[in-house]
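# Architecture at a glance
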Amino acid sequence: MGFNCGIVGLPNVGKSTLFNALTATASAQAENFPFCTIEPNVGRVAVPDDRLDKIAEIGGSAKKIPTQLEFVDIAGLVKGASKGEGLGNKFLANIRETDAIVYVLRCFEDENITHVEGSVDPVRDAETIETELMIADMESLEKRVTGVAKKAKGGDKSAKLQLELIERSLEVLEAGRSARFVEVNEDELKEFRGLQLLTSKPVMYVCNVSEDDAANGNDMSEAVAKMAAEKNASSVVICASIEAEISQLDSEEQQEFLESLGLEEPGLNKIIREGYSLLNLITFFTVGPKEARAWTVYKDSKAPQAAGAIHTDFERGFIKAETTAMSDYIECNGEQGAKEAGKMRQEGKEYVVIDGDIMLFRFNV
């Protein structure tokens, strides 16, 4: 199961520097000119989770396999992208394929790094990106109205629902709000997702600050945080150049470097965890002598779906899941202790997986 976040922003805001740090590679150019990232670069990163270390130690596992999140570095956007300006069409097509959007916003002054708008204003930059995505969404919906309305008049129930959702979405977009604010009930969700609206995707704002502001942020990052709260989104403060340096150090050197800057952990960890949360994901674990492994499912997934994250056969032939809560596994010093203490439960098909569950699936195909 793959989950990805698209990294977007205006040219020269630090997108590629951040991406390089995330993947600890230099595969994405980070030059001081627009459009240096032509093709979307893709990198998979481990989701930091201390729980995996604990259960691997208790379970005597030979290796640890964390769950992963995918980040896509997408070419810089400029005003008019929705009309094909710059690399607009490619930019919009690449965003459409992602599950969530990470806006990288420049929150630092540097006369040596040009800004396409001539001045630094992260809130304005975020609105520029959002406006282009909203225009693209409106044009996409307007193109579909006639055909869908014709089918709806012919009695097509699916088309009738689709038309209602299109009209509802256009009303919100024309009022200057993103499609994330369209009210959709659970029965309509699948059809709404089928509209593939760019502004319906969850959003995180990453404030790229100078080294001096890495620990506490600045007035610009505070303005972004306020905007994020108003839009029901999240924001994270990082210094992309520091993160790029950190990614090249070993763990001991990293810790020393972070302490010298007054930082508790790499900013990348916050981005990865926030991205994971943004996608409404949770983690369950499997533990054995060969490996301790973290697996990803959507929140509110049931046990057979979790089994399917490991292998489709597990879901198809699901019988039960032997389940132990993380706290019980640690407290009882492993599977055997949890069994003896009556803390291992037999869960069936309707069990809703809880973040941190340690599971062993029984199946028959």
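Given the structure is predicted, the values throughout are model-derived calculations rather than measurements.

Definitions and limits used
Residues numbered from 1 in each chain as written. Predicted model: local features only at pLDDT ≥ 70, side-chain atom pairs only at ≥ 80, totals over all residues. Heavy atoms only, no water. Patch = residues over 30% accessible without salt bridge, like charges linked within 9 Å, V, L, I, M, F, W, Y side chains within 5 Å. Areas by Shrake-Rupley, 256 points an atom, 1.4 Å probe, with all protein chains shown as cover. Salt bridge = Lys/Arg side-chain N within 4 Å of Asp/Glu carboxyl O. Lys, Arg positive; Asp, Glu negative; His and termini not counted. Charge placed at Lys NZ, Arg CZ, Asp CG, Glu CD. Helix = DSSP H or I, 4+ residues; strand = E, 2+ residues; numbered from the N terminus. Buried < 20%, exposed > 50% of the residue type's maximum accessible area, 1.4 Å probe, protein only. Phe/Tyr/Trp six-rings, centres within 6.5 Å; stacked < 30°, edge-to-face > 60°. Lys NZ or Arg CZ within 6 Å of the ring centre and 35° of its normal. Expected span 1.5 Å × (residues − 1). Arc of directions from axis to C-beta. Contact = heavy atoms within 4.5 Å. Core = buried A, V, L, I, M, F, W, Y, C linked by side-chain atoms within 4.5 Å. Pairing = 2+ DSSP bridges. Axes fitted to C-alpha atoms, helices over the stretch in contact; angles between N-to-C directions. pLDDT = per-residue confidence, 0-100. Parallel < 35°, antiparallel > 145°, perpendicular 65-115°, else oblique. Nonpolar A, V, L, I, M, F, W, Y, C, P; charged D, E, K, R; others polar.

To continue, consider a negative patch on the surface. Side chains of Asp250, Glu252, Glu253, Glu256 and Glu259 sit close together on the surface and give a patch of like negative charge. Among the secondary structure elements, Glu252 is positioned in helix H9 (residues 251-261). By relative accessible area, which is 60% here, Glu252 ends up exposed.

Moving on, we get to the packing of aromatic side chains. Applying the stated criterion across every chain yields a total of five aromatic pairs. Judged by centre distance (5.9 Å) and plane angle (90°), the ring pair of Phe284 and Phe361 falls under edge-to-face. Here Phe284, found in strand E8 (residues 281-287), pairs with Phe361, found in strand E12 (residues 358-363); they are 77 residues apart in sequence, far enough to count as distant. Residue class for Phe284 comes out buried when judged on its relative accessible area of 0%. Cluster of aromatic residues (ring-pair linked, three or more members): Phe284, Trp295, Phe318 and Phe361. The ring of Phe108 is capped by Arg106, whose NZ or CZ atom sits 4.6 Å from the centre of that ring. Lying over the aromatic face of Phe181, Arg177 brings its terminal NZ or CZ to 4.2 Å of the ring centre.

Turning our attention to helix H7 (residues 219-230). Three- or four-residue spacings in an α-helix give side chains the same orientation, since the helix completes a turn every 3.6 residues. Taking 1.5 Å of rise per residue, the twelve residues of H7 would be expected to cover 16 Å, and the 17 Å separating its terminal C-alpha atoms lies within 8% of that figure. If you check which residues of H7 are buried, you get Ser221, Val224, Met227 and Ala228. The buried residues of H7 occupy one face: seen down the axis, they fall within an arc of 115°. Exposed and oriented more than 90 degrees from the buried face of H7 are Asp219, Glu222, Lys226, Ala229 and Glu230. In the core, the buried residues of H7 are packed alongside strand E5 (100-106), helix H4 (122-153), strand E6 (203-208) and strand E7 (234-238).

Right, let's talk about the nonpolar core for a bit. Leu18, Leu69, Phe71, Tyr103, Tyr205 and Ile271 are the most contacted members of the largest nonpolar core, which has 56 residues in total. The element best represented in this core is E5, accounting for six residues. Those residues within four positions of Ile271 in sequence are excluded, and the remaining contacts are Leu18, Phe71, Met204, Val206, Val236 and Ile238. Formed by 18 residues, the second largest nonpolar core is a distinct cluster that contains Met138, Leu165, Val182 and Phe192.

Positive phi values are uncommon outside glycine, yet Asn12 reaches one of about 65°. Secondary-structure assignment places Asn12 in the loop between strand E1 (4-8) and helix H1 (15-23). The class of Asn12 is buried, set by a relative accessible area of 12%. Phi at Asn280 takes a positive value of approximately 65°, unusual for a residue other than glycine. Within the secondary structure, Asn280 sits in the loop between helix H10 (267-278) and E8. For Asn280, a relative accessible area of 41% gives the class partly exposed.

Turning our eyes to something else, we now look at the sheet that holds E1. What the six strands build is an open sheet, ordered E2-E4-E1-E5-E6-E7; its pairing is mixed. Two strands in the sheet have a free side with no partner beyond their single neighbour: strand E2 (41-46) and E7. Adjacent strand axes in the sheet meet at a mean angle of 25° when their direction is disregarded. Docked against the sheet, H1 engages E1, E2, strand E4 (68-73), E5, E6 and E7, running at close to 45° with respect to E2. Strand contacts of H10: E1, E2, E4, E5, E6 and E7, with the helix running at about 165° to E7, the strand carrying the most contacts.

A few words on the confidence of the model for the chain. Scored by pLDDT, the chain has a mean of 86; 89% of the residues are at 70 or more. Here residues 25-38 scores under 50 on pLDDT; set against residues more than four positions off or in separate chains, the count is 35 contacts.

Below, the discussion takes up the packing of H1 against H10. What describes two packed helices is the angle between their axes and the distance between those same axes. The N-to-C vectors of H1 and H10 enclose an angle of 90°; their axes lie 10 Å apart at closest approach. Between H1 and H10, the angle falls in the class roughly perpendicular. On the side of H1, the interface is formed by Leu18, Ala21 and Leu22, while H10 contributes Leu268, Ile271 and Ile272. Residue composition of the contact of H1 with H10, grouped by class: six nonpolar, no polar and no charged.

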